[in-house]
Amino acid sequence: MEISVKEAKNKLTELLRRVEAGERVTITRDGQPVVDLKKHEPRKGINWEALFEYKRKHGIGRVVEYMPDDFDDPLPEDFLITPMTEVPEKK
């Protein structure tokens, strides 16, 4: 369903009921789509139990064995601008 911003202001409750019922509503301005209303879907978090079971099943003790102290330090300024001195050959 498409509806103008002006109409949507007056019919918000009705629009919410339609969206809750699974309908998607597109709100337009000057005939151009501006926003789509859709039913809220709860965020899916990490299934920690499944992760722990997977690790147990596959004999995984730790996911990360070692993290250097400087892991999240900024990269040197010339890291991304260093010109390549050798071009790798295509195989």
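These numbers were taken from a predicted model, which means no experiment stands behind them.

Each value, and the rule that gives it
Residues numbered from 1 in each chain as written. Predicted model: local features only at pLDDT ≥ 70, side-chain atom pairs only at ≥ 80, totals over all residues. Heavy atoms only, no water. Salt bridge = Lys/Arg side-chain N within 4 Å of Asp/Glu carboxyl O. Buried < 20%, exposed > 50% of the residue type's maximum accessible area, 1.4 Å probe, protein only. Patch = residues over 30% accessible without salt bridge, like charges linked within 9 Å, V, L, I, M, F, W, Y side chains within 5 Å. Areas by Shrake-Rupley, 256 points an atom, 1.4 Å probe, with all protein chains shown as cover. Lys, Arg positive; Asp, Glu negative; His and termini not counted. Charge placed at Lys NZ, Arg CZ, Asp CG, Glu CD. Helix = DSSP H or I, 4+ residues; strand = E, 2+ residues; numbered from the N terminus.

Participant: Explain the pattern of salt bridges here, please?
Facilitator: One side chain can pair with another of opposite charge once the charged atoms of both are near each other. Across all of its chains, the model carries four salt bridges by this definition. Salt-bridge contacts for Arg 18 lead to Glu 23; the nearest nitrogen and oxygen are separated by 3.2 Å. Of the residues examined, Arg 18 reaches a relative accessible area of 30% and is grouped as partly exposed. Classification of Glu 23 by relative accessible area gives partly exposed; the value is 28%. A salt bridge links Lys 38 to Glu 41; the shortest N-O distance between them is 3.8 Å. Overall, Lys 38 belongs to the partly exposed group, its relative accessible area being 44%.

Participant: Please clarify how a negative patch on the surface should be interpreted in this entry.
Facilitator: A surface patch of negative charge is lined by Asp 69, Asp 70, Asp 72 and Asp 73. Mapped onto the elements, Asp 73 comes out in the segment after helix 3 (48-57).

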